[in-house]
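One-letter residues, chain by chain:
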Amino acid sequence: MEPFTKLDTHAAAIAIENIDTDQIIPARFMRAPRGTDHGQFLFHDMRRDTDGKARADFPLNSPDLAGAGVLVADTNFGCGSSREAAVYALYDAGIRCVIAPSFGDIFYSNATKNGLLPVVLDRAVVQSIWKTLETANSARVEVDLETQTVHLPNGATHRFEIDPFKKRCLLEGLDDIDLTLRHSDEIERHEQAQNDNRPWAGTIG
Amino acid sequence: MTEPTTLFEKIWRRHAILEREDGTTLLSIDRHLCHEGSFHAFDKLRAQGRRVRRPDLTVAIADHYVSTDAPETGNQDPSRREVIERLTTNTSEMGVRLYGVGAPEQGIVHVVGPEQGITLPGLLLVCGDSHTATHGALGCLAFGIGASEVAHVLATQTLWQKKPKTLRVTIDGPLGPGVSAKDVILHLISVIGANGATGYMIEYAGSTIREMSIEGRMTICNMSIEAGGRAGLIAPDDKTFDYLRDRRYAPKDTEWERAVEDWRSLSSDPGARFDREVSVDARDIAPSITWGTSPEEAMAITGHVPDPARENDPSRQAALTATLDYMGLTPGEALTDVVVDRVFIGSCTNARIEDLRAAAAVAKGRAAKVIAIVVPGSTPIKLQAEAEGLDQIFIDAGFEWRATGCSMCVGMNGDLTPPGERCASTSNRNFKGRQGPGSRTHLMSPAMAAAAAVTGRLTDVRNLIGEA
Ligand code: SF4
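These figures come from a predicted structure and were not determined experimentally. (Residues numbered from 1 in each chain as written. Chains lettered and ligands numbered in written order. Predicted model: local features only at pLDDT ≥ 70, side-chain atom pairs only at ≥ 80, totals over all residues. Heavy atoms only, no water.)

Draft legend 1. Region of interest: the interface of chain B and chain A. Counting from both sides, the interface comprises 74 residues of chain B and, opposite them, 56 residues of chain A. Taken together, the two surfaces of chain B and chain A that pack against each other cover about 5,100 Å², and 53% of this comes from carbon and sulfur. The largest per-residue losses of area from chain B upon contact with chain A belong to B:H40, B:R50 and B:F431, which jointly make up 10% of the total buried on that side. Notably, a salt bridge pairs B:D77 with A:R31, separated by 4.0 Å at the nearest N-O pair. The tally of links between chain B and chain A comes to 28 residue pairs in polar contact (both at pLDDT 80 or more). The greatest single-element share of the side of chain B that touches chain A, amounting to 7 residues, is contributed by helix α5 (residues 147-156) of chain B. Of the residues that constitute the side of chain B that touches chain A, the class distribution is 27 nonpolar, 20 polar and 27 charged. (Contact = heavy atoms within 4.5 Å. Buried area = accessible area lost by both parts, 1.4 Å probe. Salt bridge = Lys/Arg side-chain N within 4 Å of Asp/Glu carboxyl O. Polar contact = N/O pair within 3.5 Å; in protein donor to acceptor, adjacent residues only side chain to side chain. Helix = DSSP H or I, 4+ residues; strand = E, 2+ residues; numbered from the N terminus. Nonpolar A, V, L, I, M, F, W, Y, C, P; charged D, E, K, R; others polar.)

Draft legend 2. Focus on the pairing of strand β3 (residues 31-34) of chain B. Residue and element names in this part refer to chain B. Here β3 shows a buried face lined by R31 and L33 and a second buried face lined by H32 and C34. Across 3 bridges, β3 lies against strand β6 (residues 124-127) in parallel orientation. Bridge pairing in β6 links H32 to V126. In this sheet, strand β4 (residues 58-61) lies alongside β3 in parallel orientation, the contact comprising 3 bridges. Across the sheet, L33 pairs through a bridge with V59, a residue of β4. (Buried < 20%, exposed > 50% of the residue type's maximum accessible area, 1.4 Å probe, protein only. Pairing = 2+ DSSP bridges.)

Draft legend 3. Representation of the pairing of strand β19 (residues 440-443) of chain B. All names here are of chain B. Neither face of β19 is open: one carries R440 and H442, the other T441 and L443, and all of them are buried. Here strand β18 (residues 422-425) runs beside β19; their pairing, made up of 4 bridges, is parallel. What sits directly across from C423, in β19, is T441.

Draft legend 4. Highlighting the sheet that holds strand β2 (residues 24-28) of chain B. All names here are of chain B. Strand order in the open sheet formed by 3 strands is β1-β2-β8, and the pairing between neighbours is antiparallel. At either margin of the open sheet sits one strand with a lone partner, and together these are β1 (16-19) and β8 (158-162). Taking each pair of neighbouring strands and ignoring which way they run, the sheet shows an average axis angle of 25 degrees. When β2 meets β8, the two strands line up antiparallel, connected through 5 bridges. Among the inter-strand pairings, T24 is bridged to a residue of β8, identified as K162. (Axes fitted to C-alpha atoms, helices over the stretch in contact; angles between N-to-C directions.)

Here is the structure:
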């Protein structure tokens, strides 16, 4: 995956709670392989009328926000289905960071494995960012993963938490399969011990 | 004396291979279930030139895209059929066991695992699907993962995880007539919220759970994710062992004895500490349905559609107005006045034999007023229902009796609720567009769904049980 280090980009707000992954990418688009541009599916049914026309009232359809790299969302963003295609859709549409008061657990983990940084900030802070974005439609936000900070146009800086391993994988664009396979010996020893103690666990049949 | 330990902690420790300084643990995986949607992970594996490390512990099942009216074709729609065929190709290339189209074991992945005895207490099971929590009903630690994690499990048979916090939900008391496991979980989610258990592993305990069948326990654990919880667990007991005995892949003979002894030791010790506790009195639970577009928007069927005018917070008021607009509901309207267009009885939440029996008991001798489809959770369940004559009861009442699959739970196979139509559904998600673009979903139990079918509106099933 592409490493994530810093962002300085426009931000768009979606101030709606519980945006589930069915909203981020509806099920009917999930047959597409990864090579397909998933950005075209992002928020498909929120963004467009039933006849396919872009809705003027949807934030990401505003011409000012074309190229927004940060999405500022509400509580429980990405809840629901485990579909990683929700992350592909955001990423392919150019979103590199989502800021929200909380995330669906599986979405959060999927994001960090695909170069999309999920940032958890207090809801009050998130609300203040929405305000800034309302008043300055093309407001820019800076996100720095190394220092774990978000800088806002009004001069405020907020620190966010991320676990060190996820941070390192994102910063270096690491694939964790290779890292895990370095532990092959321990994995095999563990499997052997399990087999001895509970043989039914290590076999189907 | 060793410190009292939770069921979750016991299973977690057994699977911990090593722990990093930040507390992230490398876990060994006993069972990995795949379905058509796993193609991203297989693609990734192939692109990196890797193989499946433990094909013997991996089982793939076709469910999401399989047609329920022409199952022998896979799906008559070529692009859907193609997704099923990708699963066949990937599994045969990687030597993974497949229950594909036409296999006698085939069904919804979370129904098949327990049914075949692939799911066992004390194991760690994962699947690229958020409803993997279902398997926790057997005391198996089970959670959904994304495609990158699926690829990681395929390649290594392990997974890095941060240990979740623990939440014990204690539900005590008897359930009233017409009240089922589905009502319990809908009620719980309405109380703790759609993110009420985010970051937590839920253990369900209490007399209501102990009295509940394994099928009912699966319904409860299934919807843990709708409260934000990644896993739900229930301590294995005699009911669990009775359910598993003689299942195809359950241990046999002396190994069975050894296994049961081991499984009995898994229950949370008295005095074990949970990070959070919630109690629910089962007597407070009425047959429940969702009225909105989040599973937390649930209430008793005797209730009324909420009124945005009563909301003080302007942003919540706007959100509620938008929800009611999407759902086509009028503020203050009695739920039982709401007319439905179709009924779906199926999904990994509520398509096991007990669910079909409950729905059939309501349908029996009555006539469906709207389109109603019944989709059994697996082929063995379909056959069992037919042996019990349930199919005939449904057919006589004008319901469609279909082949197994995920069907209208997510609509990937083409079973969709058309735009603007209202569906009474036994599935688990009432998200906007979940059952098809513009679809309006009300979640409820199988008995409540059958009641909606025979009356054509949202109905308190207790009134029909009274009549019978
Ligand atoms: S029945 Fe529905 S929730 Fe269950 S696995 Fe299938 S699509 Fe997912």
